[in-house]
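Here are the chains, one letter per residue:
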Amino acid sequence: MHLITSFALLLQPSVEDILLEKQRLQHNYEFLSYGLIAAWLILVVYVLMMVSREQKLKKEIAGLRAMLEEKH
Amino acid sequence: MRDKIMYGLGALAILILINDIIHIMGLPDEVNQGAIFKIIFFHVPVAITALTAAAVALIASVLFLVTRNFFYDALAVAVTEVGLAFLAANLVTGSLWGRVIWGVYWAWDARLTSALVCWLLYAGYLMLRHAIEEPTQRATFAAVFSIFAFIDVPIVIFSIKWWRTQHPQPVFWGGGSFPSDWLPYFLWNMLAMLLIGAVLTMTRLRQEESQRELDYLRRLAHSM
């Protein structure tokens, strides 16, 4: 009986094991957040590029229209 | 009307995503991989959206070559550009997952390499368009290039079946073990990503129309 209790105590995780597991979980969450931030950042940057291109196109079209009307 | 549909679809996609993200964050960590497994809710939907975009670009390119209708050329460029952004998001999320599970950001296995080649091919398609001035020649060359680039898409999809890869087998077919009660959240995310892809394509398509109007006005100004 005493032998079984000692063996069970040996199987219990040590403080170091718990700290390592905690570190692993934090590392996991850290990289999950990096992944999500990076994915959304790429899409947001693309949308911003699109908005800026749209504004540039509108400005150029308006400028050319004004120039053509002046020539007429 | 088209603007209203676009804004409506965009708002719907954002609402689905917000609701889905709240639910996904509440799910327990996966037994073997832990929290990082949840990246699959974004990694796979963005990949499927990117490959759907490639398929649409292929159809639009073939239709352009058959009909010579410039609408299809505009659709091909719009959908390719959007697909490229989604594929970039796929590569980055996959790389970060690899860092945790494999210990490295990148491995030159068949799936990763073919996906990177796919990204480079479609980036090349956009660069080719910038290099050719004449619109008909540009559209024809780009359509042929897009059809050629699509050859890589089945290689990306089936690379994990055809070769022994470090990349895991699919979790939904081929002996995967995706928890069945997580599937609805995955499918909602899939729908949201496809909706975002569609809205971005419609926006980009409108810009192509504006670009054509601008080209017409420039020609008119030169001829005066």
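Everything discussed here concerns the structure shown above.
All values reported here derive from a predicted model rather than from experimental measurement.

This brings us to the interface of chain B and chain A. On the side of chain A, 29 residues touch chain B, which itself brings 38 residues to the contact. A buried area of about 3,100 Å², summed over both sides, lies between chain B and chain A, and 73% of it is on carbon and sulfur atoms. Ranking the residues of chain B by area buried against chain A places B:Q207, B:L217 and B:M224 at the top, with a combined share of 18%. Linking chain B with chain A are four salt bridges. Of the charged contacts, one joins B:R206 and A:E54 as a salt bridge, the two residues approaching to 2.9 Å between their closest N and O atoms. The interface formed by chain B and chain A holds 10 residue pairs in polar contact (both at pLDDT 80 or more) in total. Of all elements in the fold, only α1 (2-26), α3 (70-101) and α7 (183-223) of chain B reach the threshold of two or more residues within the side of chain B that touches chain A. A total of 15 residues in the side of chain B that touches chain A trace back to one element, the largest contributor, which is α7(B). Here the side of chain B that touches chain A is composed, by residue class, of 23 nonpolar, seven polar and eight charged.

So, on to the pattern of salt bridges. Taken as a whole and assessed by the stated rule, the structure comprises 11 salt bridges over all chains. Here B:E81 ties to B:R204 by a salt bridge, and the two come within 3.0 Å at their closest N and O atoms. Of this pair, B:E81 sits in helix α3 while B:R204 sits in helix α7, and the two are 123 residues apart along the sequence. Judged by relative accessible area, which is 11%, B:E81 ranks as buried. Accessibility expressed as a relative area gives 5% for B:R204, which makes it buried. Among the charged side chains, a network of salt bridges with common partners joins A:R53, B:E81, B:R204 and B:E208.

All names here are of chain B. Counted at 1.5 Å a residue, the expected span for α3 with its 32 residues is 46 Å, and the 46 Å between its end C-alpha atoms agrees. When you tally the buried positions in α3, you get 25 out of 32 residues, the bulk of the element. Two or three places before F71, at the start of α3, stands the capping residue N69, its side-chain oxygen 3.0 Å from that residue's backbone nitrogen. A positive phi of about 90° marks G103, the residue just after α3.

Cut-offs applied
- Along each chain, residues carry numbers from 1 onward, in the same order as the chain's sequence is written.
- Here every chain gets a letter starting at A, and every ligand a number starting at 1, in the order they are written.
- Local features in this predicted model are restricted to residues whose pLDDT is 70 or higher, and side-chain atom pairs enter the listing and the counts only when it is 80 or higher, whereas totals over whole chains, interfaces and linings include all residues.
- The basis for every side-chain value is the complete set of non-hydrogen atoms in the structure, without hydrogens or water.
- A contact between two residues is defined here by any heavy atoms of the two lying within 4.5 Å.
- For any pair of parts, buried area is found by adding up, for both, the accessible area (1.4 Å probe) each one loses once the two are put together.
- By definition, a salt bridge exists where a carboxyl oxygen of Asp or Glu is found within 4 Å of a side-chain nitrogen of Lys or Arg.
- Here a polar contact is recorded for every N or O atom pair within 3.5 Å, except that within protein the pair must consist of a potential hydrogen donor and a potential acceptor, and residues adjacent in sequence are included only if both atoms are side-chain atoms.
- A helix here means a DSSP run of H or I that spans at least four residues, while a strand means a run of E at least two residues long, and both kinds are numbered starting from the N terminus.
- Residue classes follow a fixed rule: Ala, Val, Leu, Ile, Met, Phe, Trp, Tyr, Cys and Pro count as nonpolar, while Asp, Glu, Lys and Arg count as charged, and any other residue, Gly among them, counts as polar.
- Note on exposure labels: buried denotes an accessible area under 20% of the residue type's maximum, exposed denotes more than 50%, and partly exposed covers the range between, all computed with a 1.4 Å probe on protein chains only.
- The span expected for a helix works out to 1.5 Å for each residue beyond the first.

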